[in-house]
Amino acid sequence: MELSWTVTLKTFVAIGIGVPIVLSFFGVPVLTRLRIVGAMAVGAAVVGLLGWPVAKPTDPLGAVTLIGGEFTVFEIVTCGLLAFLSGVVAYFVCYPWGRQIGPLAGSTGLAIWGIRSGDMTSLLRVNHTLAKRQELYASLRWEGFFWLLIVAAGYLGVLVADKLAGPGFVEADVRNSDNRLPNKMLSNATAVVLTILITQFAIGVLAQDVKMPDSQLGLVVGQPSVGQIAFAVFISFGLAAFIAKRFLDVSFIYPAMAAAVLTFCAITFFAAKHDILEHMVQAWPVAFFTRATCAILPLQMVAFGTVGAIAGYWMASKRRHHRQHIG
């Protein structure tokens with residue numbers, strides 16, 4: 001309990017003090033900073049705290065995951081409802097910018113779970129044999145899409161609140177300027193692929209723990225800390241979303257969707273491939289991985305990635321808006 005309250009206190013201090021300080025360096029107005037803090041605080045409280053008893057693993061050091069049947073259908077529905085509620089509340093807290101800032105709520109709540117969760121190593125410790133790891137990875141590769149649905153439930157809450165509020169403020173620079181369907185589909189697909197390529201590389205650079213040479217794989221990497229993971233995933237997806245908005249003019253939705261795809265690809269091609277997995281089981285302890293992206297829980301990838309994608313998108317939008325008005 002003491003650890004829980006310590007983590008909770010540090011989280012709210014980071015949101016209430018750290019976020020505004022960081023945003024000030026990017027020229028974000030004070031009222032907008034307060035709205036962002038408000039949305040994140042709503043998500044931290046409604047999903048991160050109220051929902052923690054639902055998500056909390058039985059093992060105090062265990063990872064938050066669907067593996068092992070700890071989530072019942074009722075609990076899954078509860079997670080979705082809490083995310084939806086956080087989106088509704090955050091919309092009105094951030095009004096008239098609710099539609100733009102409100103989506104931060106649900107993903108921030110999941111990020112709180114990601115911070116309090118155990119890591120990938122804790123999962124592998126209880127699934128250390130080859131057969132157990134194969135079974136684990138077979139399920140884990142799909143899990144990012146589940147967490148993406150929880151994020152989507154939060155966004156749905158924002159959209160429902162927007163409908164209930166009626167006509168209001170609309171930011172001019174929120175839609176793709178090219179409304180032709182084939183071009184939009186191509187831009188969206190390109191944004192997903194580009195995000196996967198950028199984040200695979202950037203996370204490998206930023207989420208570095210000890211690296212060890214390996215005769216078969218070249219290098220293996222140790223388990224990064226949760227702080228490294230949060231920083232690396234946030235920055236990587238923020239950069240990808242910034243580029244996607246700047247050059248493809250697409251929404252943050254597509255870089256955020258790429259988080260689940262990245263988890264699927266990392267596990268499928270770099271962790272669960274039979275010859276690679278067999279070598280890792282025989283040659284290395286469970287705390288070593290073929291890629292940094294393989295050492296990140298699906299929950300952490302989606303939660304931190306979505307927050308980063310939203311931040312990167314709006315930084316690009318603000319930059320474009322600034323250039324249009326001074327040009």
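Above: the structure in question.
Note that this is a predicted model, so its numbers are computed, not measured.

Participant: Talk me through the packing of helix α2 (residues 30-49) against helix α4 (residues 73-93); I want residue IDs and the actual numbers.
Facilitator: One can describe the packing of α2 onto α4 by two numbers: an axis separation of 9 Å at closest approach and a directional angle of 155°. Compared by their axis directions, α2 and α4 come out roughly antiparallel. Of the two possible hands of crossing, α2 and α4 adopt the one that is right-handed. Together, Gly-38, Ala-39, Val-42, Gly-43, Val-46 and Val-47 of α2 and Leu-82, Ala-83, Leu-85, Ser-86, Val-89, Ala-90 and Val-93 of α4 make up the contact between the two elements. Residues that form the contact of α2 with α4 fall into these classes: 10 nonpolar, three polar and no charged.

Participant: Describe unusual backbone geometry, and please don't skip the residues or the numbers.
Facilitator: Pro-96 follows Tyr-95 through a cis peptide bond whose omega is 5°. Within the secondary structure, Pro-96 sits in the loop between α4 and α5 (98-101). Even without being a glycine, Asp-249 presents a positive backbone phi close to 55°. Position of Asp-249 among the secondary structure elements: in the loop between α10 (226-248) and α11 (253-271).

Participant: Could you give an account of the pattern of salt bridges, with specific residues and numbers?
Facilitator: Applying the stated criterion across every chain yields a total of two salt bridges. Among the ionic pairs, Asp-162 bridges to Arg-99, the shortest N-O distance being 2.9 Å. One end of the pair, Asp-162, is in helix α8 (residues 130-165); the other, Arg-99, is in helix α5, with 63 residues separating them in the sequence. Since its relative accessible area comes to 17%, Asp-162 is described here as buried. Of the residues examined, Arg-99 reaches a relative accessible area of 37% and is grouped as partly exposed. The salt bridge partner of Asp-249 is Lys-245, with a shortest N-O separation of 2.6 Å.

Rules used throughout
Residues numbered from 1 in each chain as written. Predicted model: local features only at pLDDT ≥ 70, side-chain atom pairs only at ≥ 80, totals over all residues. Heavy atoms only, no water. Axes fitted to C-alpha atoms, helices over the stretch in contact; angles between N-to-C directions. Helix = DSSP H or I, 4+ residues; strand = E, 2+ residues; numbered from the N terminus. Parallel < 35°, antiparallel > 145°, perpendicular 65-115°, else oblique. Left-handed = near helix turned anticlockwise from the far one by under 90°. Contact = heavy atoms within 4.5 Å. Nonpolar A, V, L, I, M, F, W, Y, C, P; charged D, E, K, R; others polar. Salt bridge = Lys/Arg side-chain N within 4 Å of Asp/Glu carboxyl O. Buried < 20%, exposed > 50% of the residue type's maximum accessible area, 1.4 Å probe, protein only.

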